[in-house]
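Listed below, chain by chain, are the residues.
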Amino acid sequence: MTNSPYLNQSVVITGASSGIGEALAYELAGQGAWLTLGARRLDNLTTIAEKCRVLGGKAIAVQCDIADQMQCASLIQQAAEAYGRIDTLVNNAGITMWARFSDLQDPVLINQIMQVNFTGAVYCTYYALPHLKQSRGRIACISSMGEKLVAPGNTGYVASKRALDAFFESLRPEISDDGISVTMLYLGFIDTGFAGRMLDSAGQPSSGIQPMLKRVKQMSAEDGARLIARTTADRKRQVFMPVNGLPGVLLPWLKLIMPGYLERMGKQFMERSGL
Ligand SMILES: NC(=O)c1ccc[n+]([C@@H]2O[C@H](COP(=O)([O-])OP(=O)(O)OC[C@H]3O[C@@H](n4cnc5c(N)ncnc54)[C@H](OP(=O)(O)O)[C@@H]3O)[C@@H](O)[C@H]2O)c1
């Protein structure tokens, strides 16, 4: 633990009440980090914070809907007040959908996804920046390999993740002189049940593509958390995870060279799922 880059470092994790955010909280707590855990489900966060303290870290639980600007401001303020500094912000909170765009009962669903996955990350980053400038800190953004592919049925989700990409790619040179790094992580399938909570055409959680993932190799949340922790500490610019055995870094090239092929693959996948 004494050599850990996170020892006595203040880290804010959004979406820490389950899945990857929860696993990352345990990973960093084991490395002696001081954690601020944000999400809507306070009961989960409180239990996770207790486990983090047992593992050797400090932790506070902050109930926060990151679709709300003032709640993002409060999350960051509470982290700064608790520990006197912020060294790393992990923009992890996310929701997703599985529905044809034309089947949506209300297209406002796309905006709801943008508000959590994109605007929420932007707000948290805005309020954290003064603290990250002082600490010459780090930002990690949890994106998806899906946004590098063609993803019919998942339009709002991939749009929100691609917006993150454009935003943080452009922000990076604005803040590099302040010593702040931005690590974009394009994750493949991680075994958290995320794909089984996809919002359907009525905006309700549905089993989504979860039944189709039985045959797909998924990374565990713990391995995903270790990958996020290591690459963020190393201030990597981009991290591409493999998708079903294919090296992730090849997929953007494949889309450039063979867009029609990827469109057909995406369409077949969507139709096989029953959409
Ligand atoms: N699992 C995968 O295969 C996969 C692949 C690529 C990328 N990702 C990305 O990984 C991230 C984490 O997903 P996961 O797999 O760990 O799924 P998860 O267990 O469903 O985690 C999502 C987290 O986001 C939080 N969240 C959702 N809406 C929120 C809101 N309005 N305000 C604050 N927090 C909110 C949830 O907490 P509350 O419900 O308590 O608010 C939860 O803690 C997401 O950004 C996702 O896009 C996942």
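Throughout what follows, the structure given in this document is the object of discussion. (Residues numbered from 1 in each chain as written. Predicted model: local features only at pLDDT ≥ 70, side-chain atom pairs only at ≥ 80, totals over all residues. Heavy atoms only, no water.)

## Focus: the side chain of Thr14
Within the fold, Thr14 resides in strand S1 (residues 10-14). On the basis of relative accessibility, which here comes to 1%, the residue Thr14 falls in the buried class. Separated by 2.9 Å, the side chain of Thr14 and the backbone nitrogen of Asn92 make a polar contact. For Thr14, the contacting residues outside a window of four places in its chain are Gly38, Ile66, Leu75, Val90, Asn91, Asn92, Ala93 and Cys124. (Helix = DSSP H or I, 4+ residues; strand = E, 2+ residues; numbered from the N terminus. Buried < 20%, exposed > 50% of the residue type's maximum accessible area, 1.4 Å probe, protein only. Polar contact = N/O pair within 3.5 Å; in protein donor to acceptor, adjacent residues only side chain to side chain. Contact = heavy atoms within 4.5 Å.)

## Focus on unusual backbone geometry
In this model, Arg136 sits at a positive phi of 50 degrees, which is unusual for a non-glycine residue. Of note, Arg136 is situated in the loop between helix H4 (108-135) and strand S5 (138-144). Owing to a relative accessible area of 47%, Arg136 belongs among the partly exposed residues under this scheme. Residue Arg235 is not a glycine yet carries a positive backbone phi of 55 degrees. Looking at where Arg235 falls in the secondary structure, it is placed in the loop between helix H6 (221-233) and strand S9 (238-240).

## Looking at the state of the cysteines
Within this structure, the stated rule accounts for zero disulfides. Distance from the sulfur of Cys52, which forms no disulfide, to the nearest cysteine sulfur (Cys64) is 17 Å. Classification of Cys52 by relative accessible area gives buried; the value is 0%. Here Cys72 stays unpaired: no disulfide links it, and the sulfur of Cys124, its closest cysteine neighbor, is 3.8 Å away. Residue classification places Cys72 among the buried residues on the basis of a relative accessible area of 0%. (Disulfide = S-S within 2.5 Å.)

## Overview of the layout of surface pockets
One water molecule sets the probe size; rolling that probe over the atoms shows where empty space is left. The calculated volume of the second largest pocket comes to roughly 150 Å³. Every residue lining the second largest pocket is listed: Phe189, Lys217, Gln218, Met219, Met241, Pro242, Val243, Asn244 and Gly245. Tallied by class, residues from the lining of the second largest pocket come to five nonpolar, three polar and one charged. (1 Å grid on protein atoms, 1.4 Å probe; cavity = no way out; pocket = protein on both sides within 12 Å on 5 of 7 lines; lining within 4 Å. Points joined across faces, edges and corners; volume = space filled by probe spheres on them. Nonpolar A, V, L, I, M, F, W, Y, C, P; charged D, E, K, R; others polar.)

## Some words on the side chain of Ser4
With respect to the secondary-structure elements, Ser4 resides in the segment before S1. A relative accessible area of 15% means that Ser4 is categorised as buried. Looking at Ser4, its side chain comes within polar contact range of the main-chain nitrogen of Tyr6, at 2.9 Å.

## Overview of the packing of aromatic side chains
What the rule picks out here adds up to seven aromatic pairs. Their ring planes at 25 degrees and their centres at 5.0 Å tell us that Tyr186 and Phe240 sit as a pair that is stacked. Placement of the pair is Tyr186 in strand S6 (residues 181-187) and Phe240 in strand S9, with a sequence separation of 54 residues. Look at Tyr186 and you get buried, because its relative accessible area is 1%. Judged by relative accessible area, which is 23%, Phe240 ranks as partly exposed. If you follow Lys58 out to its NZ or CZ, it ends over the ring of Trp34, 4.2 Å from the centre. In this structure, Lys148 packs its charged tip against the face of Tyr186, placed 4.4 Å from the ring centre. (Phe/Tyr/Trp six-rings, centres within 6.5 Å; stacked < 30°, edge-to-face > 60°. Lys NZ or Arg CZ within 6 Å of the ring centre and 35° of its normal.)

## Focus on the site of the ligand
Not every one of the 29 residues close to the ligand is listed here, only the nearest: Ser18, Arg40, Asn92, Tyr157 and Thr192. For the ligand, an oxygen atom lies 2.8 Å from a polar atom in the side chain of Ser17. At 2.8 Å, a backbone N or O of Ile190 approaches an oxygen atom of the ligand. Elements that contribute at least two residues to the shell around the ligand include exactly helix H1 (19-30), S5 and helix H5 (155-175). Broken down by element, the residue count for the shell around the ligand peaks at three residues, all from S5. Taken together, the residues that form the shell around the ligand break down as 14 nonpolar, 10 polar and five charged. (Near = heavy atom within 4 Å.)

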